[in-house]
Each structure stands twice: as C-alpha cells, then as structure tokens.
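# Geometric and topological summary
Listed below, chain by chain, are the residues.
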Amino acid sequence: MRKIYADEGSPMYPRLGPYFSDGRRRVDYVLTYHIQKPSSTGHRSSKVTETNFIRRLRRSLSMRGSKAPLQPKDDPEIVAQEQQGSYHEDDKRFRREEFEENLLDMGLEMEKDEQGHFPSIGFLKIHAPWNILCREAEFMKLKMPTKKVYDVKQGSNLVEKIRLFIHKVTGPLHPKVDDNQPQHIKSLSHPFSREKQHLILIYRFQLLYEQWASYSVFYKYQPIGLIRKYFGEKVGLYFAWLGVYTQMLIPASIVGVIVFLYGCATVDDNIPSMEICDPRNNITMCPLCDHACSYWKLMTACGTARASHLFDNPATVFFSVFMALWAVLFMEHWKRRQMRLNYVWDLTGFGEEEEDHNRAEYEVRVMQKSTKKEHSLPQVQQTAVTTLYLRRPAHRWWITATFAIVFGVILYRISIKTALHVSTYPAARSNVRATVKTTAAIIYLIIIIVLDEIYAAVARWLTTLEVPKTDKSFEERLIFKTFILKFVNAFTPIVYLAFFRGRLVGRPGKYLYVVGSYRMEECAHAGCLMELCIQLCITMLGKQLIQNNLFEIGIPKLKKLLQRKKSELDPKQQEELNKSLQAYEKDHILCPFIGINPEYMEMIIQFGMVTLFVASFPLAPLFALLNNIIEIRLDAKKFVMELRRPIAAKAKDIGIWYNLLRGLSKLAVIVNAFVIAFTSDFIPRLVYQYTYSPDGTMHGFINHSLSYFNVSDFEPGTDPVEPLNLGYKVEICRFKDFREPPWSSSPYDLAKVFWVVLAARLAFVIVFQNVVMLMSDFMDWLIPDIPKDISLQMHKEKILMVELFMKEEQGKRLSARDNHDHDYGNAPSANISPPQPRSRQANCY
C-alpha cells in the first residue's frame, strides 16, 4: 500500500500518514482480506479445535498488549460462536489466523479494521517496531551511511571534464529536488549496526507528483534518486534505463531526420525515378494478376517511385551503419550509468551472497511427488513425460498460429487486389496498391494488438506448467516466452514484406500459385521497401498510440467512469465519502501493481522496431522519441496516482532485459545488411553503374532492370480479359527481373546479370556485417564498463572501510584494557594473582 509522508501543515496532506487508533504508532503496511458474511444456519467446521481456540485467545491477548482497541467480536467465546460457514471459508480463515500468529511471533504489532466503508473487506494494519527493523536490517546486511564522510574527487581526464560541462549546461533541465548532501561528499557505508545508525526514510509524494508525474516538466530529467527512495531500486532502474534510452534517441532522431531530408532534397535528381516518370519511355508492363488485370504503363508508378527514394537512397546505408554503432553506444552508456547508480545507491556488493528461495508452488509439487507410493512411480514419470511432451509443442503451435494469420492476410491482399481491379468504380481501380497496402497494414495492426494480450496469458500458462524452482527462474522464463511470442507476432508481417514478398513469384507464363489459383504477390517496380516502410510506420505508431498510450490512459478512466455509474451517490455525496475514507481505503480502490515487466516489454519491442528495420524507415527513432517523452510522464502519473505503491525490491541491474537488448542490437546488424542488400535496389544500382552503364551514370537503369515477355506465352486462362485496355494490341510486355528475352536460345532463364547481382548482394552482407561488428567490438573495448572515477572511489572506499574497522577494534581493545586495569587497581591485595598469558584463541576475532 502507498504510504504518504508530507510536511506538517501541508494543504494537500495535513497528517503525516495513517496511524493506529492510539495515534502514536504509524501504519507501516496494510493487508486486506475478505470478510465472510455471518449465516444463521450451518455447523461449525471440524477444524475448530482447542488448539485454534488457544490461538485465537493468544492473538486477542497479544493485540490487547499492543494497546489496540479491543472490539467486541475479539472475545474468544464470541469468535468461536461466529465461526460457521463452509469448509473452504473456514480453511482460508484458519490459514490467515496462522499467518497472523506468525507475524505476532516475529514481533510485529497489528490492528484490525472491519467497520470501514467496504462491508466485505477487512484491513489488517501492521506496525514494525524500531527494534524489529534494526534486527531485520542486520540480518539483511543492509548498508547505511556512517558519520564518516570523504571528498569525492572528480576525474581530471577529458571525458570527465566534458561530462561536468554538459551537467552544468543542462542545469535548468534538472528537477528541483532538494539534495541533503553535496555531490562532492559521500558517506562511508557498511552493514547496518543498531549502535551507530538511524534509519531515516523520507518519502515526498507531493514532490514526485510535481517534479516527475506532471506533463509540464516533460523537458526535464527524472528525479531518479527520489524514485528509488519511494519505489525501490528495481523500479528506479527501469526509469533510469528508460531515461537513458530516450536521451540516446535524440541524436538518432536528428540523424534520421537529416537522412529523410536528404531523400526529399534529391528526389528530383534521382535518375531512376525520373526515367519511370518520363512519358517518352512508353514502357508497357505485364498484368499484376491473372485474367482480371490488364496491361499498364510504368509511368503510373511515378508517385511510388519518387516516394521510395525518400527511404531508399545512398544515405540509407550510412544510417544503417550509424544505428548499429548507436546501439553499441547505447549499451555501453547504460552499463556505465548502471555502474554509477550502483555506486551511489550502495549496491556494488548486492546479490553476491543473496539466496533465491524456492517458490511455494515448487515446494508443493516436490511434496506431492515425495508422498507418492513406490508402485505409482512409473505412472508419475509417464505423467511428467506427457506434460513435457505437451509443453514443448505449445510454443511452436502458437507461433504457427501467427504464421497462419499472416498467410490469411496475404490471401486477403491477393483477393482484394483482384476484386478492386474488376471493380466498376474508377477511383477504386486507380488506387489499388494504396488501398491494399493501407488496409492490410491496419488489419495486421489489429491482429498484433489482440494477439499480444492472448500471448501474455499463454506465456504465463506455459511457464506455470513448468513449475520453475525459484522466483528468479520463473520470472526469467516468463519474460523470455512472452518476448518470443510478442516478437514473432509483431515482426512476422514485417519480415514477410522485407524478405519473402516478391521473391517467390515466378515469371509471366509460369507464376507460383498457392491454395489453388491465388498467385503470389509482386513488389512494386520501385521495390518492396516502400511497403515495408508503410507497414513498419503503421505498426509502430499504432502500437504506441493505441496499445501503449490509449489503453494505459483510457482503461483506468473507463473503470473509474463505470464505478461512478454503478454508485448510487450523487457527486456531492461521492466527494463527502472520499473525504471520510481512510488512507488505506483510498489505496484499496487503486489498481494493483502487476510488475514492471510489461513496461520493459513495450520498450524492448520498440527498440527492435527502431534498430532492426531502420534502413527502411529512418524516422523510426523520431517517433520513438516523441512517444517516450509522453510515456515517461504517463508511467510516472500511473505509478504515483493510479497504482498501489509496489513493494520496494532491490536490484543491481535490469536482469534478462539487458541480454535481450544486446541480442537485438547484434541481430540489427544482420537484418539491416539483408534489407539493404535484398529488399532495396541499392546493390543492383551499384552493379549497373560500375559494370554495365556505358557512361558510368544511372541513365538506362530502368530498361536494364526489366525483362521481356511475349504475350503469346501466357498459360491458358491467365491472359487479360481486356487486352486492348491501353488502346493498342500488346505483343511484348515487361516485368522486373533479370531473365533472358524470349528470342534468345534459352528464353526466360535467369540471365548472367542476375548471378552478378546476387554475388554482389552476398558480398555486401558479409562486408557490412564484419565491418560493423569490428567497429562495434572496438567501441566496446575502447569504452570501459566502469567509469574511471567510480573505480577509483570504490578502491578508496575499501581502504577507508578497513581503516574504520581498525580504529573501532583499537578503540574496543583500549576500552577493555582500561576497564581491566581499573578492576585490577580496585581489587584487594590479597586477591591479587599474577597475570596469566592469553591463549591464541582469545586473540582471535
């Protein structure tokens, strides 16, 4: 539950948080439970025994001893009379009582509230005394600052000076959060000791709302330190990572906009698009579909060709290399930032001795198996094998379902294209490609959004079947399965457009057909890169606007609206009720916290869209940047105002998410190399310009990239219904491919230029991948994971820690010696005995 602390006299929160009824003990935690309605009939459960009665009596006396008000129903006799109901409800109640008994045995103090505004909900308020906190802090080896402080020396190298200069220039962008300690001073920290330390936790809810959860401060940095203090290190690391990622998107967005503007500026100078748009070429193209489609002029693809140049130009190759290096820089920058946060938050030694405890579900499964009889062991093994057999194909089944859905959309594209070509509306026939591209992309988007929700449940179901041993193992397996399913769901249509569409088509007179008479799709003459850009743009923007933002904003507001409509109170009565609610009752109305993993998943999928196919969409970093600026404040407002405050959890890194990011950054190099080599026309243009062009320019490339087809070679029933659609009889039509002409000795076979271009494409992939990988490894080696100033300060802190312990031990020895001498001097002379030598064991500590 959220605990709100504010200054006394604050107009927003007049009290310093909720208290017990005595007004002295602060409520540290609140548990809720269901209250069973009393029934007039029924018998007591067989579980109500003398032991349970004694437990109830002991709990009642303990709660009296904690100065909690004794309710009439806390009387053991009344409680024993009211314990009626079903066996299931009694079992739940007795388990809850046992849990409460264990809390009392640990020294915690409790107080119940079952007379609130929620008739079926009870609240158990828990207070942790100071001595209990000290004891648990020592068990956890919680590090706390000591009185000893030391100066943090700033690095003198060029990188550190640049960092300090940037920090000074960006001063107005930092949030106005009070810092109780200067940046150049750090307290020495060591494991908690109740003799020297005071636990001071100050949560400034109002400050978080003003400096973090407000859209008016979207241009400022996040108060990461304050987020960490209020929500814990795990949530703090997520928002720190999101801030670094958003910050790194700024240079990527600038370069992407420059590449896009370069394409806009050079579109009129692009020779291939000028040749397509030139009506003097008078190139007649073969039909795009069987029977219903007719011949068409290449000039009608002028708009698509000019638009394709915006995303398919020489600057695209540079941008792909830049984004590959950008991903490496981002990973290195985050490692250094994470190490700096670990040092500032005293997490450098966290996790080394931590034990990951077994899950309760795993323990139950082990107990069930251990209680089986020996003769049933083969049956248990057979059941386990069957479960494993059913579990493994489940992943493949759901991924196959995604492929089947994509194939269904492909059939939709083919059928709707044919239907539009035979349409009687001129507008529909003139915008066939645009209509098919847009509607198919929107259908893909709807399918992706729906399947994302299904796949999240499927991943959790599959992980639950495996019964992982520890919580960490469960979380990692759940994240990996969810990522695989959502990644395949989001990128399958994009991969199809990039690498498969237009590759398995065949040629006029010998096309490839699927499901009977459905002819495989062809790319536009300018290539499939434009369609890939449209699909990526609609998917990315749609997921960000609908799934990430609209759902996160709209669903909570819709729930609140439905609650207001269900309520029979008018607005004035509702306002009065809200004022009378206790803090924990208000928190109970908030949505439960389901974890930070869904937030990570959104950003990881976005990172994949920014890096994997960025060669076809250079504006992807810009759209991601604009989305993340809103996403940070949206998540902040959701965490502060909409969700119950999560349990603070420690973490020194982002866990498996870092491995997924690193894998995506390496995959991006390979994917972009294949996109440039096989999806765009960059390699065929280079081959033509430096091998086949008579003057070393791009003049004549369009004619070079088109093959000839004799219309008399059409298969029966596939020739156009209206062969005179252009006003004249067509004998030879053109299609995009590198094949021999019909008058050659081997008509329609792959020409020599096809193999030259294929070899150039493969060579480009190898060179591109190795060069970028080499540069990435060099940058990884050049940039150390731990900043130099941090490594020096960590070494200095270890030395100071040893000195502090040595001084403490020396002080203890001197104090013990003084006490010994004092006792020796006050002792009677008759009782004086000669000093005895100390044993070696006595000198050991």
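Because the structure is predicted, anything quoted here is derived from the model rather than measured.

Scoring rules and cut-offs
- In every chain, residue numbers begin from 1 and rise along the written sequence.
- Given that the model is predicted, a residue must reach a pLDDT of at least 70 before its local features are reported, and side-chain atom pairs must reach 80 or more before they are shown or counted; all residues, however, enter totals for whole chains, interfaces and linings.
- Side-chain metrics rest on all non-hydrogen atoms present in the structure, leaving aside hydrogens and water.
- Runs of H or I in DSSP of at least four residues are treated as helices and runs of E of at least two as strands, each being numbered from the N terminus.
- Burial classification: accessible surface area is computed with a 1.4 Å probe over protein chains only, and a residue below 20% of its type maximum counts as buried, one above 50% as exposed, and the rest as partly exposed.
- Contact criterion: two residues are considered in contact whenever any of their non-hydrogen atoms come within 4.5 Å of each other.
- Surface exposure here means Shrake-Rupley accessible area, sampled with a 1.4 Å probe, where a residue is shielded only by the protein chains that are shown.
- For our purposes a nonpolar core is just a set of buried Ala, Val, Leu, Ile, Met, Phe, Trp, Tyr and Cys residues, chained together by side-chain atoms within 4.5 Å.
- By convention here, the domain bounds are inherited from an automatic or database domain assignment.
- To count as a disulfide, a pair of cysteine sulfur atoms needs to be within 2.5 Å.
- Stacked, tilted and edge-to-face are the three classes applied to pairs of Phe, Tyr and Trp rings, where Trp contributes its six-membered ring and a pair requires centres within 6.5 Å; stacked means planes under 30 degrees apart, edge-to-face means over 60, and tilted covers the rest.
- A positively charged side chain is recorded as over a ring if its NZ (Lys) or CZ (Arg) lies within 6 Å of the ring centre. The angle to the ring normal must also be within 35 degrees.
- By definition, two strands form a pair when at least two bridges between them are found by DSSP.
- Angular values range over 0 to 180 degrees, each being the angle between N-to-C directions of two axes fitted as lines to C-alpha atoms, with helices fitted over their stretch in contact.

## Looking at the overall build of the protein chain
Counting its regular elements, the protein chain contains 26 helices and 13 strands. Taken across its 845 residues, the protein chain has 44% of its residues classed as buried. Long-range pairs, those at least 24 residues apart, make up 81% of the contacts in the protein chain with a sequence separation of at least 6. Within the structure as shown, the protein chain displays about 46,500 Å² of accessible surface, and the carbon and sulfur contribution to it stands at 61%.

## A few points about the nonpolar core
Nonpolar side chains in soluble globular proteins tend to be buried together. One finds Trp212, Trp241, Tyr245 and Phe613 to be the most contacted residues of the largest nonpolar core, which totals 108 residues. With 15 residues, the top contributor of residues to this core is helix 8 (residues 233-265). Counting contributing residues, this core receives three or more from each of domain 2 (195-231) and domain 3 (234-354 + 405-569 + 596-644 + 654-688 + 762-786). The contacts of Trp212, once residues within four sequence positions are left out, are Leu207, Val217, Gln222, Pro223, Ile227, Phe231, Phe239, Ile632, Arg633, Ala636, Phe639 and Val640. The next biggest cluster of nonpolar side chains, apart from the first, holds 13 residues, and it includes Leu298, Ala301, Tyr688 and Met698.

## So, the state of the cysteines
Applying the stated criterion to the full structure yields three disulfides. Each sulfur in the disulfide pair Cys286 and Cys733 lies 2.0 Å from the other. Its S-S torsion of approximately 85° makes the covalent link between Cys286 and Cys733 right-handed. Separated by 447 residues along the polypeptide, Cys286 in the loop between strand 6 (284-285) and strand 7 (296-297) and Cys733 in strand 13 (residues 732-736) bring together distant segments of the chain. Here the two residues Cys286 and Cys733 agree in accessibility, since each one is buried. Bridging Cys289 to Cys293, the disulfide has an S-S length of 1.5 Å. Measuring the twist about the S-S bond at about 95°, one finds the Cys289-Cys293 disulfide to be right-handed.

## Quick word on the packing of aromatic side chains
Counted by the stated rule, this structure contains 38 aromatic pairs. On the basis of an interplanar angle of 55° and a centroid distance of 6.4 Å, the ring pair of Phe311 and Phe617 is categorised as tilted. Of the two residues, Phe311 sits in the loop between helix 10 (302-309) and helix 11 (314-344) while Phe617 sits in the loop between helix 20 (597-611) and helix 21 (620-642), which places them 306 residues apart along the sequence. One cation-aromatic arrangement involves Arg645 over Tyr230; the distance from NZ or CZ to the ring centre is 4.6 Å.

## Regarding the sheet that holds strand 3 (residues 121-127)
Pairing between the strands of a sheet comes from backbone hydrogen bonds, and it takes one of two forms, parallel or antiparallel. The strand order across the open sheet built from three strands is 1-3-2, with neighbouring strands paired in antiparallel fashion. Looking at which strands have only one partner, the edges of the open sheet turn out to be strand 1 (29-34) and strand 2 (109-113). Each neighbouring strand pair of the sheet contributes to a mean axis angle of 25°, computed without reference to strand direction. The pairing of strand 2 with strand 3 spans five bridges and is antiparallel. Residue pairing in the sheet places Asp113 in a bridge with Phe123 of strand 3.

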